[in-house]
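# Chains, contacts and geometry: an overview
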Amino acid sequence: MKLITAIIKPHMLDDVRDAVAKSGIQGLTVTEVKGFGRQKGHTEIYRGAEYSVDFVPKIKIDIVADDPQTDSVIDAIMASARTGEIGDGKIFVSDIGQVVRIRTGEAGTAAL
Amino acid sequence: MGKYRSRKVHPTPSPDALKNLLYAARDELTTETRLARAGLDALNRYSDRVDELVRLIFGNARKCTETPLALLALGGYGRKQLCLHSDIDLMVVFDGAIGVAEERSLKSLLHPLWDLHFDVGHQVRVLGDFENVETDNPEYLVALLDARFLDGDQAIFDHFSETCLGENPTWQQPIRSALLDLTEQRHVQYNQTLYQLEPDLKDSPGALRDASAVRLLARLGNGNGTGRRASDTGRLSEAEDFLLRIRSILHLERGRNLNTLSHELQETVADLFGSSDEQPRRQVEALMSTYFHHARIISRSLAASLKSLGTPVTVLSTPINDDLARAWDGIRFTDATRASLRPRTWLRVFEVALDENTNVSEQVLTCIERHGERYAPERFFPSPAERDLFLRILRPRPGLYARLSEMHDSGLLGRMFPEFQKIYCRVIRDFYHKYTVDEHTLLTIRTIERLCAPANPSRERFASLLTELRAPELLVLALLFHDVGKWTNKNHAEESVRMAVGALRRIKLPESAVTTVQFLIRHHLQMSTVAFRRDMEDPEVVNQFARLVGTEQRLKLLCLLTLVDIEAVGPDVMTPWKEEMLWRLYVDTYNRLTLGYGDEVIDTTAAAIAELTTARPDDISEQDMATFLAGLPQRYLRLFEQSRVYEHVRLSRDIKRSEVHCALEEKGSAWELSVVSINQPRLFSNICGVLSYFGMDILRGQAMTNEHGLVLDVVQFADTESFFRLNPSAKPELVDLLQDVVAGRADITQTLRGKERGLAPRGPSRINPIVHFDRQYSDRYTILELIARDAWGLLYRTSRVISQHGFDIELVLITTEGNRAIDVFHITHHGVKLSAASERALATDLDAMLGKQNEDDQGDRSSE
């Protein structure tokens, strides 16, 4: 099983959620985050006064998928989150040791 | 050794016998629970059965020691309100040291109870321990108040009771403090509202712990009877009984000591309570409506008990006027009987309570509850005076939420506005909403109130927007109605608009205010949609949103409405992340509206201005309209209603070079001057100079130029020196001077020179002036944004400096916020944007002008 973590632009969340659902994923976790990469922050001016926005708001999505599904999930995220501009985000993939459903005690892929 | 007086000596029971006893008791309670009858009486009986069991076990346990001891029930067990899976809280008190034998007796007590799967909370003390109060254990202190003797040495219990539960201030004060602190902490945890959609039957405000707190406060001796009627005790018991019946069902269904009445369980509970042939949805609505009814009773009883703490009974009331008096519990009617026949006076109580930052008394609330239903909505607003009074009440300030809650709980709000009554205790079941719709509405207003003094530094930027609103009561009015449409399952925004407009027209709110409130309600979800779900880095997204809001005032109103609407959905729904996104959208839109509006000009094709053209008066031709509007920014049509546009068109007729056509009228506490002229050098500066000459304080306004060189300036100003009031010929004098200056017959610069020297500043300057050039918001203009302390003649001096450089002022946006002037100029030089060198030169001279202003201020201050 793999943990797929995607950092995306906030306004792409609805599209990514729909695309991921179509790829067969039934659950995901969403977190409001902020960060910087090559996009960097920028300076806002309000009534002549500058203030720096160093961190850019993003959305982090965490999905645990069975190994055979991983590529299709990544493709779905790529296709739906991409605008072609700097700041589209990144996807990280790591291994998951175990998954357990708290309510029933099911483990492994049955808990996905 | 104390005198041992046990109730009975029991033979040692077998574990199976104990189990059978317990199961029999539980079966009986379960049967009652399934019939929704497991309230006070049933729990009392169950507690008696548990007592028997505990005594049997204790009887065996006490044989292990010679030391006298007593067994007490505490907390809920002490109150005999045990539900199926409640903890049992016990305290064992020894009259002597605790050694091996005593520990053995404790084990003999606890182990059988654990074997029976009781959750046992236990305290062990020796009598000497009660000489000191354990102030670091508030839950324990409060639990002691419900202590009940179960078995053992009665004398030990009597000694404990006399020491800790009597009128001994050493114990009474810390116990009272513990009770109050724990109550407050619980209330804060639940956002201080009883209108939880999934309430915790024990801990939520208005739930069982609050009911217990009412009794405990009375027992502590400060419940001196004031503020609580005899019937309250009966209503309180009824409320407790109802909540306990529900709690019993929760225990049965969950199989554990879990007390949250979740959406899922509401259906089960409602089914057990309700009639079998009713729809489940109606059963749940009836259940929750009844729950809130009882929770309110408990909440009001607790509020009355808290109010009466430390208040001497003999405080007399002080008259305020013929109708109202100030009493120990708030503002009351001097004659409730007379007041009951005069509903138009009821709102005044709330205004006085707000002004004095105190409560509305129980007497008033009871009077309104009893008599309100006799009166139709119109009876509360018989004249504009009552409408204006209501609007004054709605101005954000401390106490607003509490007063509106009182208005709502007493039924007054629903009587005045049946539209609001439609969402009374309305439940919307989804993942996000934590409160009933009416409480959510009031909580939005509470958040606005808190912005008056923000506790969190990140809220200060939003708080500053609140201070910049010209009519903040309209924001509160919009909040009051923004979700009334949720009484139905249709598109609630449009339904809310429909209902609100009806209500506002009924009280004859001015149409411009109705339009503003209508806009806010219709679009109250729009800003969050754009901020969180659209690409704000796309300029067109911000442009579209800017076109929707149209003006900075609407933007501020909508921004604040969005902030508080999200915050009031539930705890932690408005996160710092969302706040930042919302603020960014506000800034981008504000900049677009103030800096970037110049490039968007009115489309004068027939279709685009069809509405204006169709409704035009007979004396205005289509050509007149098109000629006047050509080249004006689109913003002009957002700022001015149709009737104003027609007035401006008339002013522009037959205007010649060096002529001025103007209209000057009083509008509330300010004046408005509309000037039409043909563009010429220093025109704007001259107009500002004339106003400054007469001592006028320019508050806000705009200056625009159309493509034919026609200039329209509309300026609002305050007559701070009362020039118009004191001089009957003042208005013609101002107009005449304006005409002379524009025609070149008078030189305002010379006229003002002398006056400039002798003027004092308007107030201390803590504002560092800012001169900022923007190059990105317009393709046509250089945009100059100037922020400085508002001072006499500032606009005149600024525009004079710009004119001296030979630059043309095409558009101006003038705003004053408190003592801060915020002016935006759209400038060209020979029809194009300024070069970088020109900007630098202009900035240098403006800085020098503003720097001199600051020096003058400091010089004047140092000479004071």
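Residues numbered from 1 in each chain as written. Chains lettered and ligands numbered in written order. Predicted model: local features only at pLDDT ≥ 70, side-chain atom pairs only at ≥ 80, totals over all residues.

### Describing the sheet that holds strand β12 (residues 770-774) of chain B
Residue and element names in this part refer to chain B. In space, the eight strands of this open sheet follow the order β8-β9-β11-β10-β14-β15-β13-β12, with antiparallel pairing throughout. Pairing within the sheet leaves two strands with one partner each, and these edge strands are β8 (660-667) and β12. Going across the sheet, the axis of each strand differs from the next one's by a mean of 15°, ignoring polarity. Against the sheet, helix α34 (residues 730-743) makes contact with β8 and β9 (670-678), and its axis sits at roughly 150° relative to β8, the strand it touches most. On top of the sheet, helix α36 (residues 794-804) reaches β10 (697-705), β13 (782-789), β14 (808-817) and β15 (820-828); it is set at about 25° to β15, its chief contact. (Pairing = 2+ DSSP bridges. Helix = DSSP H or I, 4+ residues; strand = E, 2+ residues; numbered from the N terminus. Axes fitted to C-alpha atoms, helices over the stretch in contact; angles between N-to-C directions. Contact = placed C-beta atoms within 7 Å.)

### As for the interface of chain A and chain B
Between chain A and chain B, the residue contacts involve 13 residues of the former and 14 residues of the latter. Contributing elements (two or more residues each) for the side of chain A that touches chain B: β2 (29-35) and β3 (42-46) of chain A. Per-element tally for the side of chain A that touches chain B: the top contributor is β3 of chain A, with three residues. For the side of chain A that touches chain B, the residue count by class is five nonpolar, two polar and six charged. (Nonpolar A, V, L, I, M, F, W, Y, C, P; charged D, E, K, R; others polar.)

### Quick word on the confidence of the model for chain A
Chain-level statistics for chain A give a pLDDT mean of 92 and a share of 100% at 70 or above. Across chain A, the secondary-structure element scoring lowest on mean pLDDT is strand β4 (residues 49-53) of chain A, at 79, and the one scoring highest is strand β1 (residues 2-8) of chain A, at 97. (pLDDT = per-residue confidence, 0-100.)

### Focus: the pairing of strand β5 (residues 56-65) of chain A
Residue and element names in this part refer to chain A. In terms of strand pairing, β1 meets β5 through seven bridges, oriented antiparallel. From the neighbouring strand, I8 faces β5, where its bridge partner is I59. Pairing of β2 with β5 involves seven bridges; the strand directions are antiparallel. Looking across to β5, one finds that V33 is bridged to K58.

### Remarks on unusual backbone geometry
All names here are of chain B. Within the chain, D654 stands out as a residue other than glycine whose phi angle is a positive 55°. Checked against the element boundaries, D654 lands in the loop between α31 (642-652) and β8. For D654, a count of 6 C-beta atoms within 10 Å corresponds to the exposed category. The backbone of S722 shows a phi angle near 55°, a positive value even though the residue is not glycine. When you line up the elements, S722 lands in the loop between β11 (710-718) and α33 (723-726). Its 10 C-beta neighbours within 10 Å are what place S722 among the exposed residues. (Buried ≥ 20, exposed ≤ 12 C-beta atoms within 10 Å, placed from the backbone.)

### Focus on the packing of helix α10 (residues 263-273) of chain B against helix α11 (residues 280-307) of chain B
Residue and element names in this part refer to chain B. Relative orientation of the contacting elements α10 and α11 amounts to 90°, with a least axis distance of 8 Å. As the angle between them shows, α10 and α11 are arranged roughly perpendicular. Contacts from Q266, E267, V269, A270, D271 and F273 of α10 reach α11 at P280, Q283, V284, L287 and M288. Looking at the contact of α10 with α11 residue by residue, the class counts come to seven nonpolar, two polar and two charged. (Parallel < 35°, antiparallel > 145°, perpendicular 65-115°, else oblique.)

### Points about the pairing of strand β1 (residues 69-74) of chain B
Walk down a regular strand and you will see the side chains alternate between the two sheet faces. Residue and element names in this part refer to chain B. Within β1, six of the six residues are buried, which leaves it mostly tucked inside the rest of the structure. Here β1 shows a buried face lined by L69, L71 and A73 and a second buried face lined by A70, L72 and L74. Across six bridges, β1 lies against strand β2 (residues 88-94) in antiparallel orientation. From the neighbouring strand, L69 faces β2, where its bridge partner is F94. Alignment of β1 against strand β4 (residues 148-152), held across four bridges, turns out to be antiparallel. Bridge pairing in β4 links L71 to D151.

### Concerning the domain arrangement of chain B
Taken domain by domain, chain B holds domain 1 (15-165), domain 2 (178-307), domain 3 (322-390), domain 4 (417-593), domain 5 (608-758) and domain 6 (765-864). A C-alpha centroid distance of 63 Å is found between domain 2 of chain B and domain 5 of chain B. (Domains from an automatic or database assignment.)

### Let's talk about the environment of V100 of chain A
Residues and elements named next belong to chain A. Looking at where V100 falls in the secondary structure, it is placed in the segment after β6 (89-95). Looking at V100, the number of C-beta atoms within 10 Å reads 12, which means it is exposed. Placed 12 residues apart in sequence, V100 and L112 show a C-alpha to C-alpha distance of 8.3 Å. Ignoring sequence-local partners within four residues, the contact set of V100 consists of G105, A107 and A111.

### Some points on the sheet that holds strand β7 (residues 330-333) of chain B
Note: strands within a sheet are paired through backbone hydrogen bonds, in either parallel or antiparallel orientation. Residue and element names in this part refer to chain B. Ordered in space as β5-β6-β7, the three strands form an open sheet in which the pairing is antiparallel. In this open sheet, the two edge strands, each paired with only one partner strand, are β5 (318-319) and β7. As paired elements, strand β6 (residues 324-327) and β7 share four bridges and run antiparallel to each other. Bridge assignment links A325 to a residue of β7, and that residue is R332. Those strands touched by helix α13 (residues 346-355) are β6 and β7, and its axis lies near 155° from that of β7.

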